Amino acid sequence: EEKDLQEIILLGHSLGGVAVQHVAQAVAERIRRLIFMGALLAEDGNTLIDRILSYTQEEELDLKLVFGESEIGQPFLFPFHSFREMFINDADLATAQAAYQTLVTNPSTYTIEPLDLKKFYSLDTPRTFLQGSIDTAFNYRFYESMKKSLGFHRYVEYEGSHEIMYTNPKEIAEKIIIAGQD
C-alpha cells in the first residue's frame, strides 16, 4: 500500500500459503493472481495444526520423527533427517546440508490459533497450485486436500522436491512464470 503496488502476483511456499491467504484478504484489490507452491492452506475457523495433525494421524506418522522434540505452540525447526527425507529428497547430501544451514525457526502461533478466512474463501482472485512431482513434505492425498481448498484453480507441476529452489532453480523459475501468467 505504501508503494501503491498493483497487479501483484503473490506466491507462498509451504507454510507461506497461510501468509498468502491473509495478505489476499487484506489487499485483494491489488492482487492479480495467487500462487501456492507446495503450500499449506488453512480452513476458515480452524487451526492449521489441526489440519496437519489429522494428516499425521491418518498416515500414522510419529510426530517426533517429523518435528523432533518441538512442542506444539513453540517455534520449531525440522530436524535435519526430516528435512532431508521429506523436503529435499532430490538433492545430494552436501546440497541438503547447505540448504539446511539457511533455515530459521518457524514461529508457530499462527498454527495453533483458529483463523478467520471467510473473506479469503469468498474471493474470486485467480489461483494456481504449483506442486513438485517428488514433493514428499506431505503425501498426495494431503496436497489434494490443499488444492480442493482453493476451489477453481490452475495446476502446474514441476520436476522436483519441496525445496527445488536449491536443486533446480531454473526449472522452478520457468514454472513460476507459467503459474503466474494470465
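Look up a bit, the structure's there.
Residues numbered from 1 in each chain as written. Predicted model: local features only at pLDDT ≥ 70, side-chain atom pairs only at ≥ 80, totals over all residues. Heavy atoms only, no water.

A. Summary view of the overall build of the protein. Scanning the protein for helices and strands turns up ten helices and four strands. With 182 residues in all, the protein has 45% of them scored as buried. Put simply, the protein shows about 9,600 Å² of open surface, and 55% of that area lies on carbon and sulfur atoms. (Helix = DSSP H or I, 4+ residues; strand = E, 2+ residues; numbered from the N terminus. Buried < 20%, exposed > 50% of the residue type's maximum accessible area, 1.4 Å probe, protein only. Areas by Shrake-Rupley, 256 points an atom, 1.4 Å probe, with all protein chains shown as cover.)

B. Representation of the packing of aromatic side chains in the model. Applying the stated rule across the entire model yields nine aromatic pairs. Summarising the aromatic geometry, the rings of Phe78 and Phe87 are spaced 4.8 Å apart at their centres and angled 40° between planes, so their arrangement reads as tilted. You can call Phe78 buried: its relative accessible area is 14%. Between the aromatic rings of Phe83 and Tyr100, the centroid separation amounts to 5.5 Å while the plane-to-plane angle is 50°, which identifies the pairing as tilted. Placement of the pair is Phe83 in helix α4 (residues 80-87) and Tyr100 in helix α5 (residues 93-101), with a sequence separation of 17 residues. Across this residue pair, the class does not change: Phe83 and Tyr100 are buried. One aromatic cluster in this structure is built from Phe78, Phe80, Phe83, Phe87 and Tyr100. Its guanidinium or amino end placed over the ring of Phe120, Arg127 lies 4.6 Å from that ring's centre, counting from NZ or CZ. (Phe/Tyr/Trp six-rings, centres within 6.5 Å; stacked < 30°, edge-to-face > 60°. Lys NZ or Arg CZ within 6 Å of the ring centre and 35° of its normal.)

C. Looking closely at the sheet that holds strand β3 (residues 127-132). Spatially, β1-β2-β3-β4 is the arrangement adopted by the four strands of the open sheet, whose pairing is parallel. The sheet is open, and its two edges are formed by β1 (8-13) and β4 (154-158), each paired on a single side. Looking at each pair of strands side by side, their axes are set apart by 20° on average, direction ignored. Here β1 runs beside strand β2 (residues 31-37); their pairing, made up of six bridges, is parallel. Across the sheet, residue Leu11 finds its bridge partner in β2, namely Ile35. (Pairing = 2+ DSSP bridges. Axes fitted to C-alpha atoms, helices over the stretch in contact; angles between N-to-C directions.)

D. Structural context of α5. By the burial criterion, the buried members of α5 are Ala96, Ala99 and Tyr100. Axial view of α5: buried residues confined to an arc of 100°, hence all on one face. For α5, the exposed residues set more than 90 degrees away from the buried face come down to Ala94 and Gln101. Residues of α5 that are buried in the fold lie against α4 and α9 (164-167). For α5, the N-terminal cap is Asp92; the gap from its side-chain oxygen to the backbone nitrogen of Ala94 is 3.1 Å. (Arc of directions from axis to C-beta. Contact = heavy atoms within 4.5 Å. Polar contact = N/O pair within 3.5 Å; in protein donor to acceptor, adjacent residues only side chain to side chain.)

E. Fine view of the nonpolar core. Core analysis: the largest hydrophobic core is formed by 37 residues, its most contacted members being Phe36, Leu40 and Phe120. Considering every element that reaches this core, the biggest residue donor is helix α8 (residues 140-150), with four residues. Met37, Leu130, Tyr158 and Ala179 belong to the second-largest nonpolar core, a separate cluster that totals eight residues. (Core = buried A, V, L, I, M, F, W, Y, C linked by side-chain atoms within 4.5 Å.)

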